[in-house]
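Chain residues, written in single-letter form:
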Amino acid sequence: MVTTSTPSYILRYFNLLGLAESIRLLLTAANVEWTEEHPEWPQEKPNQPFGRLPVLIEKSTDGSPDFVICESGNIERYLARTYGFLPADLKKAALQEQVRDQMADVLAAFVVSGRAISDEDKKAAQKSLDEIFDKFIAVQSKNIQNNGNTGHLFGDSLSYADIVLYAFIKNMVIGFEKFKPGVSDYVKPKVTPEIIKLISTVEADPKLAKVVLKSGNLSEVITV
Ligand SMILES: N[C@@H](CCC(=O)N[C@@H](CS)C(=O)NCC(=O)O)C(=O)O
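Residues numbered from 1 in each chain as written. Predicted model: local features only at pLDDT ≥ 70, side-chain atom pairs only at ≥ 80, totals over all residues.

**Section: helix 7 (residues 193-204)**
- Counted at 1.5 Å a residue, the expected span for helix 7 with its twelve residues is 16 Å, and the 16 Å between its end C-alpha atoms agrees.
- Along helix 7, the positions that sit buried rather than exposed are Glu194, Ile195, Leu198, Ile199 and Val202. All buried residues of helix 7 lie within an arc of 145° about the axis, which places them on one face of the element. (Helix = DSSP H or I, 4+ residues; strand = E, 2+ residues; numbered from the N terminus. Expected span 1.5 Å × (residues − 1). Buried ≥ 20, exposed ≤ 12 C-beta atoms within 10 Å, placed from the backbone. Arc of directions from axis to C-beta.)

Shown next as structure tokens:
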């Protein structure tokens, strides 16, 4: 329930899934008031604290300056901690946060593979991507299994780890296709039944219906 003391937010990003999708999901799951800004680019670049997006603005509720933060992972963790999607227990939280950091390596391997020019570099980059991505899928599928295969990575309700894993696969299958044609066909066969179950569990969460509907239903694109 949104109360007057609950801050409202502005999420500044491009009109893309990308690094903002987990943030959109967290803001939506938190049931806070938020809006999105899509700045003119590159005209607005110099006006961003770090020169890049996303930026999150938490509107002040007491007349003090608005709270402005950058870096997608930092924004996610700030919201996840504030609204109870990361546990207060540091060890339990670290187990969730490492999911996101492992994803960053997969993403970096995708970028390197997209930039390789010579056949030799392409082959090496593809091998490295396969290794990193397959390990990521194996580790996270095992985590879901170890948690009873209920569609959650940890515990029995929507968590930060569920949100970032869902947003990541969604980017790979829906969001990045226009930047790296073929990425969806590469990723889809690798997605395991455990991860498919997590995807459908996240998409069935009534708290998320608004944002899932807007950016597309992944369950309809990936099936066992
Ligand atoms: N480490 C940053 C990376 C941010 C980033 O790469 N932003 C891109 C969009 S996904 C951007 O602002 N690109 C435009 C530019 O750099 O001018 C984060 O995680 O937020």
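That was the structure; now back to the text.
**Examining the environment of arginine 12**
- On the secondary structure map, arginine 12 appears in strand 1 (residues 9-12).
- Apart from the residues lying within four places of it in its own chain, the contact partners of arginine 12 are Glu37, Pro39, Leu53, Pro54 and Val55. (Contact = placed C-beta atoms within 7 Å.)

**Looking at the domain arrangement of the protein**
- According to the domain assignment, the protein contains domain 1 (9-82) and domain 2 (90-220).
- Each of domain 1 and domain 2 has a C-alpha centre, and the two are 22 Å apart.
- On the domain 2 side, the residues contacting the 15 residues of domain 1 number 16 residues.
- Elements with a minimum of two residues in the side of domain 1 that touches domain 2: helix 1 (21-29) and helix 2 (72-82).
- Of the residues forming the side of domain 1 that touches domain 2, the biggest block, seven residues, is contributed by helix 1.
- Within the side of domain 1 that touches domain 2, the residues separate by chemical class into six nonpolar, five polar and four charged. (Domains from an automatic or database assignment. Nonpolar A, V, L, I, M, F, W, Y, C, P; charged D, E, K, R; others polar.)

**Let's talk about helix 3 (residues 90-115)**
- Its 26 residues place the ends of helix 3 37 Å apart at the C-alpha level, agreeing with the 38 Å of an ideal helix rising 1.5 Å per residue.
- Of all the positions in helix 3, only Gln96, Val99, Arg100, Met103, Ala109, Phe110 and Ser113 are classed as buried.
- Contacts made by the buried residues of helix 3 are with helix 2, helix 4 (119-146) and helix 5 (160-175).

**Re the nonpolar core**
- With 44 residues, the main nonpolar core has Leu26, Ile163, Val164, Leu165 and Ile169 as its most contacted residues.
- The element best represented in this core is helix 5, accounting for eleven residues.
- Residue contacts for valine 164: discarding those within four places in its chain leaves Ser22, Glu76, Val99, Arg100 and Met103. (Core = buried A, V, L, I, M, F, W, Y, C linked by C-beta atoms within 7 Å.)

**Overview of the UniProt feature "domain: GST N-terminal" (unreviewed entry) in the protein**
- According to UniProt, the "domain: GST N-terminal" (unreviewed entry) feature falls on residues 7-87.
- Along residues 7-87 one finds 25% helix and 20% strand; the C-alpha atoms at either end are 21 Å apart. (UniProt positions renumbered as here; feature names shortened; annotations may be inferred.)

**Focus on the packing of helix 1 against helix 5**
- Remark: helix 1 packs on helix 5, axes separated minimally by 9 Å, with the N-to-C direction vectors making an angle of 140°. The pairing of helix 1 with helix 5 is recorded here as oblique in orientation. For helix 1 against helix 5, the interelement crossing comes out right-handed. Between helix 1 and helix 5, the residues in contact are Glu21, Ser22, Leu25 and Leu26 and Ile163, Val164, Ala167, Lys170 and Asn171, respectively.
- Considered class by class, the residues forming the contact of helix 1 with helix 5 number five nonpolar, two polar and two charged. (Axes fitted to C-alpha atoms, helices over the stretch in contact; angles between N-to-C directions. Parallel < 35°, antiparallel > 145°, perpendicular 65-115°, else oblique. Left-handed = near helix turned anticlockwise from the far one by under 90°.)

**Concerning unusual backbone geometry**
- Cis rather than trans, the peptide bond between tryptophan 41 and proline 42 has omega equal to 10°.
- Residue placement: proline 42 occurs in the loop between strand 2 (34-37) and strand 3 (55-58).
- A cis geometry characterises the amide bond from leucine 53 onward to proline 54, with omega recorded as 15°.
- Its location among the elements puts proline 54 in the loop between strand 2 and strand 3.

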